[in-house]
Amino acid sequence: RKEVEQDPGPFNVPEGATVAFNCTYSNSASQSFFWYRQDCRKEPKLLMSVYSSGNEDGRFTAQLNRASQYISLLIRDSKLSDSATYLCVVNPSSGGYNKLIFGAGTRLAVHP
Amino acid sequence: EAGVTQFPSHSVIEKGQTVTLRCDPISGHDNLYWYRRVMGKEIKFLLHFVKESKQDESGMPNNRFLAERTGGTYSTLKVQPAELEDSGVYFCASSPEQGFGNTIYFGEGSWLTVV
């Protein structure tokens with residue numbers, strides 16, 4: 001079983017749609033959680049951290065359910081520029097350093 | 001401020017040859033990481049330096065891979081001899097200090113093709 005599992009997609013949605021991605025992780029002791037965005041042949045870039053209470057950044061909302069070991073990302077009012085691969089990332093370390101565990105990513109394609 | 005820079009951006013080598021990848025972290029960042037993504041797989045951690053010391057090299061696949069960070073500035077990752085399965089993109093990342101929620105910054109990657 002992979003440490004971080006994601007639906008690979010692709011999710012093909014029209015502009016303005018709301019789309020949700022899910023992710024599960026296997027290590028119950030994991031400490032911190034993130035969503036990264038990766039454009040084609042580019043480096044991953046931090047989209048947002050995910051907190052237990054849930055957090056929002058503009059059109060993006062992230063949720064964490066520690067009991068179910070489940071993370072989600074909701075994108076509202078999708079833009080063409082949101083087309084990318086979204087990586088669910090977990091830091092299992094209790095030492096505070098950044099040994100990140102990546103999911104394989106979910107591809108999003110937003111069309112006009 | 002310059003980001004994490006990696007060199008070369010692309011490299012094509014024959015099986016059995018040696019390749020050395022270089023990473024220059026953001027100035028002042030003590031923590032430097034190497035990750036890689038091979039075809040069809042997720043990005044995986046290789047190792048972590050704190051200054052010039054290897055903090056964690058648990059992700060290094062085998063002894064054909066050697067990472068160094070002499071002087072605690074730039075780092076090199078040498079693959080010798082390269083095998084076909086080493087093809088992929090090698091990302092370097094850096095962060096200023098340890099701690100949860102501390103953002104790490106990735107370079108654009110070095111794309112390696114072994115033929």
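Here, the structure is the one placed above.
Residues numbered from 1 in each chain as written. Chains lettered and ligands numbered in written order. Predicted model: local features only at pLDDT ≥ 70, side-chain atom pairs only at ≥ 80, totals over all residues. Heavy atoms only, no water.

(A) Seen up close, the overall build of chain B. The helix and strand tally for chain B stands at zero helices and eleven strands. In terms of C-alpha radius of gyration, chain B reaches 13 Å, essentially the compact-globule figure of 13 Å for 115 residues. A sequence separation of at least 24 residues applies to 53% of the contacts in chain B between residues at least 6 apart. Looking at charge distribution, chain B has the averaged site of its 11 positive side-chain charges lying 5 Å from that of its 14 negative ones. (Helix = DSSP H or I, 4+ residues; strand = E, 2+ residues; numbered from the N terminus. Rg over C-alpha atoms; globule rule 2.2 N^0.38 Å. Contact = heavy atoms within 4.5 Å. Lys, Arg positive; Asp, Glu negative; His and termini not counted. Charge placed at Lys NZ, Arg CZ, Asp CG, Glu CD.)

(B) Structural detail: the packing of aromatic side chains. Within the structure shown, the criterion is met by twelve aromatic pairs over all chains. Ring centres 5.2 Å apart and planes at 80 degrees place the aromatic pair A:Phe11 and A:Phe21 in the edge-to-face group. Within this pair, whereas A:Phe11 is found in strand E2 (residues 11–14), its partner A:Phe21 is found in strand E3 (residues 19–25), the two being separated by ten residues in sequence. For A:Phe11, a relative accessible area of 24% gives the class partly exposed. Their ring planes at 55 degrees and their centres at 5.6 Å tell us that B:Tyr35 and B:Phe106 sit as a pair that is tilted. Within this pair, whereas B:Tyr35 is found in strand E4 (residues 31–38), its partner B:Phe106 is found in strand E10 (residues 105–106), the two being separated by 71 residues in sequence. The burial state of B:Tyr35 is the same as that of B:Phe106; both residues are buried. (Phe/Tyr/Trp six-rings, centres within 6.5 Å; stacked < 30°, edge-to-face > 60°. Buried < 20%, exposed > 50% of the residue type's maximum accessible area, 1.4 Å probe, protein only.)

(C) Up close: the pairing of strand E7 (residues 60–65) of chain A. Residue and element names in this part refer to chain A. With three bridges joining them, strand E6 (residues 55–57) and E7 adopt antiparallel strand pairing. Residue pairing in the sheet places Glu-56 in a bridge with Thr-61 of E7. One ladder, built from six bridges, connects E7 with strand E8 (residues 70–75); its direction is antiparallel. Within E8, the residue paired with Asn-65 across the bridge is Tyr-70. Counted along the chain from E7 to the antiparallel partner E8, the turn is four residues long, and its residue Gln-69 has a positive phi close to 55 degrees. (Pairing = 2+ DSSP bridges.)

(D) The state of the cysteines, seen in detail. By the definition in use, this model includes two disulfides over all chains. What pairs with A:Cys23 in a disulfide is A:Cys88, and their sulfur atoms sit 1.9 Å apart. Handedness of the A:Cys23-A:Cys88 disulfide follows from its S-S torsion of about -70 degrees: it is left-handed. Residue A:Cys23 is found in strand E3, and its partner A:Cys88 is found in strand E9 (residues 84–91); the two are separated by 65 residues along the sequence. Residue classification places A:Cys88 among the buried residues on the basis of a relative accessible area of 0%. B:Cys23 shares a disulfide with B:Cys92; S-S distance 1.9 Å. Taking the torsion about the sulfur-sulfur bond, which here is approximately -65 degrees, the covalent link between B:Cys23 and B:Cys92 counts as left-handed. Here the residue B:Cys23 occupies a position in strand E3 (residues 19–24), and B:Cys92 occupies one in strand E9 (residues 88–95), the gap between them amounting to 69 residues. Note on accessibility: B:Cys23 and B:Cys92 belong to one class, buried. (Disulfide = S-S within 2.5 Å.)

(E) Inspection of the interface of chain B and chain A at higher detail. On the side of chain A, 22 residues touch chain B, which itself brings 23 residues to the contact. Note on chain B versus chain A: buried area summed over both sides is about 2,000 Å², and carbon and sulfur give 55% of it. Across the chain B-chain A interface, the total number found is two salt bridges. Notably, a salt bridge pairs B:Asp56 with A:Lys99, separated by 3.6 Å at the nearest N-O pair. If you look at where chain B meets chain A, you find four residue pairs in polar contact (both at pLDDT 80 or more). Only E4, strand E5 (44–50), strand E6 (53–56) and E9 of chain B provide two or more residues apiece to the side of chain B that touches chain A. (Buried area = accessible area lost by both parts, 1.4 Å probe. Salt bridge = Lys/Arg side-chain N within 4 Å of Asp/Glu carboxyl O. Polar contact = N/O pair within 3.5 Å; in protein donor to acceptor, adjacent residues only side chain to side chain.)

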